[in-house]
Each structure stands twice: as structure tokens, then as C-alpha cells.
Amino acid sequence: MGTGHNYHGFPMEILQLTTTPFYFYDLDVLRTTLAEIRRLTADGPYSVHYAVKANGNPRIISEIAQAGLGADLVSGHEIEAALAAGIPASEMTYSGVGKTDWEIRTGISHDIGCFNVESVPELEVINAIAGEMDATARVAIRVNPDIDAHTHKYITTGTADNKFGIPLESLQQVIGMAMSMPNIHLSGLHFHIGSQITQMQPYEMLCDTINGILDQYEDQGIQFEIINVGGGLGIDYDNPDAHPLPDLERYFGTFKQRLHLREGQRLHFELGRAIVGGCGSLICRVLYVKENRGKRFVIVDAGMNDLLRPALYGAHHQLQNLTSTSSDIETYDVVGPVCESSDVFAHGCQLPVTRRGDLIAIRSAGAYGESMASTYNMRSLPAGIFHSSIDK
Ligand SMILES: *Cc1c(COP(=O)(O)O)cnc(C)c1O
């Protein structure tokens, strides 16, 4: 792949002329992923809401809107962006532990499908604001099922000691409160146990927990219209060419087999990373190659402000030198220009002999890449460019 005249079908000459660093999106990969999701969710009462925080690029959201997916939002501006991209408000859910009054009002004024509510005070505020607006807000209560998704501690969200959701032991009381509030309609229950989950076991445990909850409330005569199992399906960061798509078949299959939906119930999924992670790369240019005490450093023109995941989570992305023609392999630390020791994309990375001017692709950067970019150090925000084999 190192010496090709194109990258994912995109002419190298154009990549060479584009100001680096920039995000490169392969729309063929995105569309294949979306088609696969549609295929796997066509045979039941399933809805998939794309978690816009993974990548809010308008072009990406509009591709996803065209594929007929809904949206999971975490801010008022994300609600506006999803509306602008053509996602119907009825297909939106609004999540997050800290919704402001303006954001709640924005959601209610568009009559979004559902608020995922994370606390009693939030429920009270939504009820009060909906009352002022003479409206009814549909809510799902986010339950913290105390399941460890065995992922990085900052992306585990379903254990008892983190800030998300309502603990199982308080659920009964909160359901009672929601049902008694005049401007709240209780639609269902919401769960989201973490991110970058590649084993199905945490999802199986989630299904078992949900089955138990549904049995318990059915005995009390309480039915939920919606069960929302959140997102979190991981992608293969180590082998992006072998696995450009996540294991969607196993993921949806786990819920289809193990979760016992009741009559009339809908199952909602909120995938972010799994939809967009594989379609994007961050393309950057080598500024300098330097040697310190026998260690070789490749200094590129992308930094932690362009792609934060390695600095924030110790995340690993595969690197690829797109322009080197050398057949000799060297070991490098690949680092950015920002004055922080965590501004490192790879330690001890094997690359063909790399020189100033080479283009490097940082792979699998479509999720939580561009959307987390900042102007730290007064650097420019990276642009996003798109390629597909069919539209020209
Ligand atoms: C972030 C988030 C998601 C999406 O997570 P991924 O790991 O990108 O699939 C889904 N639901 C909620 C509530 C979230 O906060």
C-alpha cells in the first residue's frame, strides 16, 4: 500500500496538493457500513440512532440521514445539526448528564422522539419546562446496570462508580415519579455501558439484566414502548484493512437472540464509532525526522489538537506511510508538534524509511477525531475531504 498511486481510490497527486493535516473520508466504507446496518435491522422493530458526537461533519450526518438512520444527540447544537442534515425530530434521542434549560427547550420545541434522562433533578426540570411550554416530553430513564464493559476506564459508563444514569435500586422510585408527572410521558428505558466494546459478553450481560427488569415490571403491569441499549460497539484499530467494518452481524445477532422484547416494544441502538470510525483517516505530513540517544522520532504536522484520542485515552491508531518507496523498515516514535509529552501518535512504530515530506495516514480516525479537534496552540482546525468511487 505504501507506494500506490491512490489512497482508497483517491489520486495521490490530489492528496499531495491538499494542505495537511486533514481528515480523509472514504464514503464507500461509510455507505457499505450503513447498508449493512439497514440489512441487519430490517427484520424487526429496530431503530438505529447515530451518535452524532462521534463525527458531526455535516456531510457525514447527511449521508447517515439519507440512509434513514435517526440520531442520538448530546447537545442543543447537535440537535440543530441533525435537523439541518434532514434527520426527522421524531427519530432523535437526546442523551447526557448535563442538559441546560435552553437545550431542553430546544428539544421540546422540535418535539424530539425522546429525552434520555439521567437523574431525578433533570426529570423535574424537563417536566417544569415542558409545563411552561404546554407540551409533553417523552423520556426514557437511563439505567446504570453496573456492568463492566472491560474497556478503558474513561469510556466505561455502566458501572456503579461513574456519573451516568440511575442505579438499579432507585429505578422503581424514579419510574413512579416519571409516571406521576403531568408533562412527562415515560416511553422506556435506556442503557449505554461503554465504548470500544469488542467482546459480546458485556452485551449478553446487559440483555440478561434487561430481561430481568422487564419481567419485574411486567408483573406490576408496567410496559415500556422503547428499550434503548445504547451503543459502544468497537472497531478493529489494529487491522483496518482486514476489518474495515465492525462485527455488526454478531452485535445485532446478540440482541436479537438474547433480549426478549415484549409485544409492541421497539429496540433502539445508538451506534457512533462503529458507523464512522473505519471510514476516516487523518492525513499528515512529516516535518522532521530526528534522532535522540539512538531513538528515531518522526515529527508530523498533525497534533493532539487534530486527533486527541491517543493523548486522552492512550488510544492506538495504525500508521501508514503513503509515499515512502523504501523497502527497508525502521522503528520510529511518531509525534506531533504540540508541547505536551502526550502528543504522541505511536511508540516504536515500524514504518518504511521515512523522510521529510512523506505523507502519513493515521487510520481509523473517523470517530472522535474531527469532532474532538480543537485550536489548541492557535492551530487551524483540520479540514475534512470526501471521496467515493461513484459520485464525481
Ligand atoms: C457516546 C454515546 C453513544 C455512542 O457511543 P459509541 O461508542 O460511539 O458507539 C451512544 N449513546 C450514548 C448515550 C453515548 O453517550
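Everything numeric here is computed off the predicted structure, so don't read it as measured data.

What follows concerns the domain arrangement of the protein chain. One can read the domain layout of the protein chain as domain 1 (6–23 + 278–387) and domain 2 (28–276). Using only C-alpha atoms to locate each centre, domain 1 and domain 2 end up separated by 33 Å. With both sides pooled, the region where domain 1 packs onto domain 2 buries about 2,000 Å², and carbon together with sulfur makes up 53% of that total. When the area that domain 1 buries against domain 2 is broken down by residue, the three leading residues are Tyr-313, Tyr-368 and Phe-386, summing to 30%. Summed over the shared surface of domain 1 and domain 2, the result is 1 salt bridge. Between Arg-363 and Asp-241 there is a salt bridge whose closest N-O contact spans 3.0 Å. Applying the counting rule to domain 1 against domain 2 returns 9 residue pairs in polar contact (both at pLDDT 80 or more). Of all the elements in the fold, those that place two or more residues in the side of domain 1 that touches domain 2 are α11 (309–313) and β19 (383–387). A breakdown of the residues in the side of domain 1 that touches domain 2 according to their chemical character gives 6 nonpolar, 11 polar and 3 charged.

As a further point, take the pairing of strand β8 (residues 137–144). Counting buried positions along β8 yields 7 of 8 residues, so the element is predominantly enclosed. Bridge count between strand β7 (residues 114–117) and β8: 3 bridges; the pairing is parallel. Each bridged residue has a counterpart across the sheet, and for Val-117 the counterpart in β8 is Ile-141. Handedness of the crossover joining β7 and β8 through helix α6 (residues 120–132) is recorded here as right-handed.

A few words on the state of the cysteines. Inspection of the entire model under this criterion finds 0 disulfides. Summary of cysteine pairing: Cys-114 is not part of a disulfide, and the nearest cysteine sulfur, belonging to Cys-207, is at 19 Å. Under the relative-accessibility criterion, Cys-114 is labelled buried at 3%. Free of any disulfide, Cys-284 has its nearest cysteine sulfur in Cys-349, 11 Å distant. Exposure remark for Cys-284: the relative accessible area of 1% places this residue in the buried category.

With that out of the way, let us pick up the site of the ligand. Among the 15 residues in the neighbourhood of the ligand, the closest are listed as Lys-53, Ser-195, Glu-270, Arg-273 and Tyr-368. Separating a nitrogen atom of the ligand from a side-chain N or O atom of Glu-270 is a distance of 2.6 Å. Alone, the ligand offers 390 Å² of accessible surface; in the complex the protein occludes 93% of this. Across the shell around the ligand, the residue classes tally to 3 nonpolar, 7 polar and 5 charged.

Here we take up the packing of helix α8 (residues 201–219) against helix α9 (residues 248–258). Any two packed helices are characterised by the angle at which their axes cross and by the distance between the axes. At a closest axis distance of 10 Å, the pairing of α8 and α9 adopts a crossing angle of 25°. The angle between α8 and α9 places the two elements in the roughly parallel class. Two packed elements cross with a definite hand, and for α8 against α9 that hand is right-handed. The residues of α9 that touch α8, namely those facing Tyr-203, Glu-204, Leu-206, Cys-207, Asp-208 and Asn-211, are Tyr-251, Thr-254, Phe-255 and Arg-258. Across the contact of α8 with α9, the residue classes break down as 5 nonpolar, 2 polar and 3 charged.

As enumerated under the stated definition, the model contains 17 salt bridges in all. Where Glu-118 meets Arg-142, a salt bridge forms, and the shortest distance between an N and an O atom there is 2.8 Å. Of this pair, Glu-118 sits in the loop between β7 and α6 while Arg-142 is found in strand β8, placing the two residues 24 residues apart along the sequence. Owing to a relative accessible area of 5%, Arg-142 belongs among the buried residues under this scheme. With a closest N to O distance of 3.6 Å, Glu-291 and Arg-296 form a salt bridge. The class for Arg-296 is partly exposed, based on a relative accessible area of 28%. Overlapping salt bridges bring together Glu-36, Arg-39 and Glu-249 as one network.

Taken as a whole and assessed by the stated rule, the structure comprises 14 aromatic pairs. Plain terms: the ring middles of Phe-252 and Phe-269 are 4.8 Å apart, the flat faces sit at 90° to each other, and that makes the pair edge-to-face. Linking Phe-252 in helix α9 with Phe-269 in strand β12 (residues 266–269), this pair joins segments that are 17 residues apart in sequence. Residue class for Phe-252 comes out buried when judged on its relative accessible area of 1%. Phe-269 sits in the buried class, given a relative accessible area of 1%. By the ring-pair criterion, three or more aromatic residues cluster together here, those being Tyr-46, Tyr-203, Tyr-251, Phe-252, Phe-255 and Phe-269. The ring centre of Phe-386 lies 5.1 Å from the NZ or CZ of Arg-59, which sits over that ring. The ring of Tyr-94 is capped by Lys-99, whose NZ or CZ atom sits 5.3 Å from the centre of that ring.

Criteria and cut-off values
- Residues numbered from 1 in each chain as written.
- Predicted model: local features only at pLDDT ≥ 70, side-chain atom pairs only at ≥ 80, totals over all residues.
- Heavy atoms only, no water.
- Domains from an automatic or database assignment.
- Buried area = accessible area lost by both parts, 1.4 Å probe.
- Salt bridge = Lys/Arg side-chain N within 4 Å of Asp/Glu carboxyl O.
- Polar contact = N/O pair within 3.5 Å; in protein donor to acceptor, adjacent residues only side chain to side chain.
- Helix = DSSP H or I, 4+ residues; strand = E, 2+ residues; numbered from the N terminus.
- Nonpolar A, V, L, I, M, F, W, Y, C, P; charged D, E, K, R; others polar.
- Buried < 20%, exposed > 50% of the residue type's maximum accessible area, 1.4 Å probe, protein only.
- Pairing = 2+ DSSP bridges.
- Right-handed = clockwise from strand over helix to strand, strands pointing away.
- Disulfide = S-S within 2.5 Å.
- Near = heavy atom within 4 Å.
- Areas by Shrake-Rupley, 256 points an atom, 1.4 Å probe, with all protein chains shown as cover.
- Axes fitted to C-alpha atoms, helices over the stretch in contact; angles between N-to-C directions.
- Parallel < 35°, antiparallel > 145°, perpendicular 65-115°, else oblique.
- Left-handed = near helix turned anticlockwise from the far one by under 90°.
- Contact = heavy atoms within 4.5 Å.
- Phe/Tyr/Trp six-rings, centres within 6.5 Å; stacked < 30°, edge-to-face > 60°.
- Lys NZ or Arg CZ within 6 Å of the ring centre and 35° of its normal.

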